[in-house]
Amino acid sequence: MLVVKVSRKKTLITFITVCIFFIAWLGYVVIPYVFSLDYSYTRKDWVPYTLLTSNEVKNAPGLDDASLIFYDARDGTKPSGFHIRYAGKQNVEVLKKYLISLGYQEVNDPVLGKSWIANSKKEAYINDADEYTILGFLNFK
C-alpha cells in the first residue's frame with residue numbers, strides 16, 4: 001500500500017492558491033458591475049440582477065424578461081437610482097398604486113411633473129411615453 005504524506009505547509013499553500021484564484025474570478029465577474037456608473041440589463045442577467053437590483057424594482061408590477069432595467073450609480077451630485085423601461089405600455093394606475101403601497105406620496109415636481117416622494121430621501125416617477133412606460137426610482141441618501 002502506497003502512503004502519501006502531505007505536509008501542512010503544502011496543504012496551506014494549495015488552500016491559499018485556490019482562495020486567490022476564487023477571489024480573482026469573483027472580482028472578474030463582479031467588479032464590472034460595481035464600478036460601472038451606468039448599466040442596463042434584464043432579469044435574465046443573473047449577476048447584475050442579483051447584486052444591483054433593489055427590491056422595489058424586483059417587485060415592480062409588470063416586470064418581465066423583456067423589460068430593461070437601468071442602474072445609475074451616484075456620481076457627484078447626481079443621485080443613484082434605477083429605472084425600468086417596460087417592453088410595452090403599462091397600466092399607469094397599477095404603477096401608482098404600487099408606489100403608494102411602498103409609502104410614496106404624490107407631489108408635483110417642477111422638472112418631472114408628477115412624482116412620488118418617500119422619506120424625503122427617495123423619489124419615484126412614471127413616464128408614460130408613446131411606445132413604452134418608464135418607472136424610475138431615485139435615492140438621495
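Report follows, based on the coordinates.

Cut-offs applied
- Residues numbered from 1 in each chain as written.
- Predicted model: local features only at pLDDT ≥ 70, side-chain atom pairs only at ≥ 80, totals over all residues.
- Heavy atoms only, no water.
- Pairing = 2+ DSSP bridges.
- Helix = DSSP H or I, 4+ residues; strand = E, 2+ residues; numbered from the N terminus.
- Axes fitted to C-alpha atoms, helices over the stretch in contact; angles between N-to-C directions.
- Core = buried A, V, L, I, M, F, W, Y, C linked by side-chain atoms within 4.5 Å.
- Buried < 20%, exposed > 50% of the residue type's maximum accessible area, 1.4 Å probe, protein only.
- Contact = heavy atoms within 4.5 Å.

Some thoughts on the pairing of strand S6 (residues 122-128)
One ladder, built from three bridges, connects strand S5 (residues 113-118) with S6; its direction is antiparallel. From the neighbouring strand, Ala118 faces S6, where its bridge partner is Lys122. Remark: three residues form the turn of the hairpin made by S5 and S6, two consecutive strands paired antiparallel; Asn119 in that turn has positive phi of roughly 60°. Between the antiparallel neighbours S6 and strand S7 (residues 133-139) lie four residues.

Quick notes on the sheet that holds S5
Spatial ordering of the open sheet is given by S1-S2-S3-S7-S6-S5-S4, a layout of seven strands whose pairing is antiparallel. Strand pairing shows two members of the sheet lacking a second neighbour, strand S1 (38-41) and strand S4 (105-109), which therefore form its edges. Across the sheet, the axes of successive neighbouring strands diverge by a mean angle of 20°, strand direction being ignored. Relative to S7, strand S3 (residues 80-85) is paired through six bridges, and the arrangement is antiparallel. Bridge pairing in S7 places Arg85 opposite Ile134.

A word on the nonpolar core
If you look at the biggest cluster of nonpolar residues, it comprises 23 residues, and the most contacted ones within it are Leu99, Leu135 and Phe137. Elements with a contribution of two residues or more to this core: helix H2 (46-52), strand S2 (68-72), S3, helix H4 (92-101), S5, S6 and S7. The dominant element in this core, judged by the number of residues it contributes, is H4, at four residues. Setting aside chain neighbours within four positions, we find Phe137 in contact with Glu56, Val57, Ser80, Gly81, Phe82, Tyr98, Leu99, Leu102, Tyr104, Glu123, Ala124 and Tyr125.

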